[in-house]
Amino acid sequence: MRRASWFNVTSLTLGFAFLYLPMVLLVIYSFNSSKLVTVWAGFSTQWYGELIRNDAFLDAALVTLKVAVASSTLATILGTMAAYVLVRGGRFAGRTLFSGMIYAPLVMPEVITGLSLLLLFIGLGMDRGVLTIVLAHTTFSMCYVSVVVSSRLVSFDRSLEEAALDLGCSPFDAFRLVTLPIIAPAVISGWLLAFTLSLDDLVIASFTTGPSSTTLPIKIWSAVRLGVSPEINALSTIMIGIVTVGVISASLISKRNAVKAQQDMQAAERGAT
Amino acid sequence: MERHGRRLASAMNLRRFFLIAVPYGWLLALFLVPFFIVFKISLSDLALAIPPYTPTMKDGIGQMLSAFDFENFVFLTTDDLYWKAYLSSLQIALISTVLALLVGYPMAYGMARAPEEWRPTLMMLVILPFWTSFLIRVYAWVGILSNEGFLNQFLLWTGVINEPLTIMNTTTAVYIGIVYTYLPFMILPIYAALDRLDESLIEAAEDLGCSRSKAFWLVTVPLSRNGIIAGCFLVFIPALGEFVIPSLLGGSGTLMIGKVLFEEFFNNRDWPVASVVAVILLLILIVPIILFQRNQQRQAESDT
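Only a predicted model underlies this, so the values are computations on that prediction, with no experimental measurement involved.

**Brief notes about the overall build of chain B**
- When its secondary structure is counted, chain B shows 14 helices and zero strands.
- In chain B, buried positions account for 41% of the 304 residues.
- Taking as baseline every contact in chain B between residues at least 6 positions apart, the subset at least 24 positions apart corresponds to 71%.

**Some thoughts on the overall build of chain A**
- When helices and strands are tallied, chain A shows 11 helices and zero strands.
- In sequence order, chain A lays out its α and β elements as α-α-α-α-α-α-α-α-α-α-α.
- Viewed in the frame of its principal axes, chain A has a C-alpha envelope of about 70 × 60 × 35 Å.
- Out of the 273 residues in chain A, the part that is buried amounts to 39%.
- In chain A, the proportion of contacts linking residues at least 24 apart, taken out of those at least 6 apart, comes to 77%.

**Some words on the nonpolar core**
- Judged by nonpolar contacts, the single largest core of 144 residues is most densely connected at L115 of chain A together with A108, L261 and V277 of chain B.
- The leading source of residues in this core is helix α8 (residues 171–196) of chain B, at 17 residues.
- Dropping the residues within four chain positions of it, L115 of chain A is found in contact with F207 of chain A together with V38, L261, F265, A274 and A278 of chain B.

**Considering the interface of chain A and chain B**
- Of the residues lining the interface, 57 residues belong to chain A; the matching set on chain B comes to 63 residues.
- Elements that contribute at least two residues to the side of chain A that touches chain B include exactly α1 (6–29), α3 (55–88), α4 (95–107), α5 (110–123), α6 (130–155), α8 (171–200), α10 (216–224) and α11 (230–272) of chain A.
- Split by residue class, the side of chain A that touches chain B holds 41 nonpolar, 12 polar and four charged.

**Describing the packing of α10 of chain A against helix α6 (residues 134–145) of chain B**
- At a minimum axis separation of 11 Å, α10 of chain A and α6 of chain B run at an interaxial angle of 15°. Comparing their axes, α6 of chain B and α10 of chain A come out roughly parallel. Crossing hand, α10 of chain A versus α6 of chain B: left-handed. Counting all contacts with α10 of chain A, which are made through P217, I220, W221 and V224 of chain A, the residues of α6 of chain B involved are L135, Y139 and V142 of chain B.
- For the contact of α10 of chain A with α6 of chain B, the per-class residue count stands at seven nonpolar, no polar and no charged.

**Quick word on the packing of α1 of chain A against helix α4 (residues 80–113) of chain B**
- Following both chains from N to C, one finds α1 of chain A and α4 of chain B inclined at 120°, their axes separated by 8 Å at the closest point. Overall, the two elements α1 of chain A and α4 of chain B adopt an arrangement that is oblique. The crossing of α1 of chain A and α4 of chain B is left-handed. Taking contact as the criterion, the partners of N8, S11, L12 and G15 of chain A in α1 of chain A are, on α4 of chain B, V103, P106, M107, Y109, G110, M111 and R113 of chain B.
- Of the residues that constitute the contact of α1 of chain A with α4 of chain B, the class distribution is six nonpolar, four polar and one charged.

**Brief notes about the environment of L58 of chain A**
- Of note, L58 of chain A is situated in helix α3.
- The sequence separation of L58 of chain A and L165 of chain A amounts to 107 residues, and the corresponding C-alpha distance is 50 Å.

**Re α5 of chain A**
All names here are of chain A.
- Here α5 contains 14 residues, and its C-alpha end-to-end distance of 20 Å stays within 8% of the 20 Å for a straight helix at 1.5 Å per residue.
- In terms of burial, α5 is largely enclosed, as 12 of its 14 residues are buried.
- Among all positions of α5, only E110, V111, I112, T113, G114, L115, S116, L117, L118, L119, L120 and F121 are buried.

**As for helix α13 (residues 257–266) of chain B**
- Most of α13 of chain B is tucked away, with eight of its 10 residues classed as buried.
- Along α13 of chain B, the positions that sit buried rather than exposed are I257, G258, K259, V260, L261, F262, E264 and F265 of chain B.

**A closer look at the confidence of the model for chain B**
- With 88% of its residues at a pLDDT of at least 70, chain B reaches an overall mean of 84.
- As a predicted assembly, this complex carries a pTM of 0.86 together with an ipTM value of 0.86.

Conventions used here
- Residue numbering note: each chain is counted from 1, following its sequence as written.
- Whichever chain is written first becomes A and whichever ligand is written first becomes 1, with later ones labelled in order.
- The model is predicted, so local features are restricted to residues of pLDDT at least 70 and side-chain atom pairs to those at 80 or more, both for listing and for counting; the totals for chains, interfaces and linings are taken over all residues.
- Helical segments are the DSSP runs of H or I of at least four residues, strand segments are the runs of E of at least two, and each set is numbered from the N terminus.
- Around each residue's C-beta, the other C-beta atoms within 10 Å are counted; 20 or more make the residue buried, 12 or fewer make it exposed, and counts in between make it partly exposed. All C-beta atoms are placed from the backbone.
- What counts as a contact here is a pair of residues whose C-beta atoms, placed from the backbone, lie within 7 Å.
- By definition, a nonpolar core groups buried Ala, Val, Leu, Ile, Met, Phe, Trp, Tyr and Cys residues that are joined through C-beta atoms within 7 Å.
- Residue classes follow a fixed rule: Ala, Val, Leu, Ile, Met, Phe, Trp, Tyr, Cys and Pro count as nonpolar, while Asp, Glu, Lys and Arg count as charged, and any other residue, Gly among them, counts as polar.
- To obtain an axis, a line is fitted to C-alpha atoms, over the contacting stretch when the element is a helix, and the angle between two such axes runs from 0 to 180 degrees between their N-to-C directions.
- With respect to orientation, any angle under 35 degrees is reported as roughly parallel, any angle over 145 as roughly antiparallel, any angle of 65 to 115 as roughly perpendicular, and every other angle as oblique.
- Throughout, a crossing is termed right-handed when the near helix is turned clockwise from the far one, and left-handed when it is turned anticlockwise from it by less than a right angle.
- Multiplying one less than the number of residues by 1.5 Å gives the expected span of a helix.
- Confidence of the predictor in every single residue is expressed as pLDDT, which spans 0 to 100.

Have a look at this one:
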């Protein structure tokens, strides 16, 4: 029996209130008509209007999206390769160093990653801009992708791959036709994770960007350093809304797939008997 | 036939080489090499040229080595700003980790004890903030903690206080910010450990005469130890080098090493000193990182 004790209910209620109240307040006060963000003066959507008319935010959003799509796609390819090497690659020279380099960026302070990459780009004489941010983001997010994908690779039955090879598949075909469909959910969530990390990053982007390309977090940062602003509240609300819709629909889709897989399994069992 | 087989084998070897070499080469070039550059610059002198440090590779290896010195490292010990920043970062990270554990453990426990059908939803509620912009989540607290913020308005309205509290730009605000943003990292590993826990063990302890709280401390807590350790490291390690939270919520009232590094680099443009700060921060982090890896390995072994 699970006891729904008052203690558990209270700690969950207070905990989730702590997690969500700040964001709820942010969303509510983005519809405030007053410029003073903490004093309610009536409902208004004027800050959304000002936000849309502000080209600087729109430009920054476009740069951010471009960087996020490019870096998360590259990171997914490299990260999946790295996961495959880690799980299926067997022994090779420098394997310990390789797995160390996969796990280290996950715990590396962003200031160090950013500083070291900037010094590399300057040493190579590269112009800083979209390309350098993409390279930087790809490097740290490929490690997250490879952790997500390798946990899926570890858990799946290797004999399926071997069966495909025995039946005459080339290794590449076996990967494309057998392995990839099985690890696809992990690859997709790896891509989403890399995409979010890239959208979110302020510190590494500040180090690796040039004067011509400003990402949205950098733009938000320079605005919020001056204090609370209603325009940023409106922008935050839009971003929170997109994430909420995305996460809820992703979890509904995966739930539906799980139910469907279960039904398929039951149907297959019925067919077998 | 045999020749064909050998050719196939060599094609496979080539493919395997390619598969390993591409991610390996990428990480070497963009992760390992940059560290050596940081290390190298930490040993060179500040010059007023751009890039603002004396290049040490141009005049041959011998001269490069003779130009290397630990001057910058010595400089760090002469100015007490730096060691104070390291100490206060350690202290802030440690206290925040303990606070996050105190908030996170009851939540994880409550989740593991919740009815089966609620758990996926509760899980999603914990993960959702993680997908939301970090910067925005920290920014949300500016409006709450400032002198005219929601918290002060609320407390003044209820009559608990007569004068607004100063929380913004103090260490307290940094604690709140770190606990808030890293709470999911604390909850998830503890929840995973508690979820796996065999409940009959607790029942057995109670049958054998343990009170409920005694069973909790003697059975539940030790069995969730790995989750607690993992959660603590996942909060402590990133908190130590944190930049956004102390800059936005801590203001000039808090000293943290991530902030010092950032300012040394962008405001003072002193690259060698910024590099030394980075190298020492890395040395401090190596111990918790190794302990964390060991804990993860032990956990992986006990699972199989």
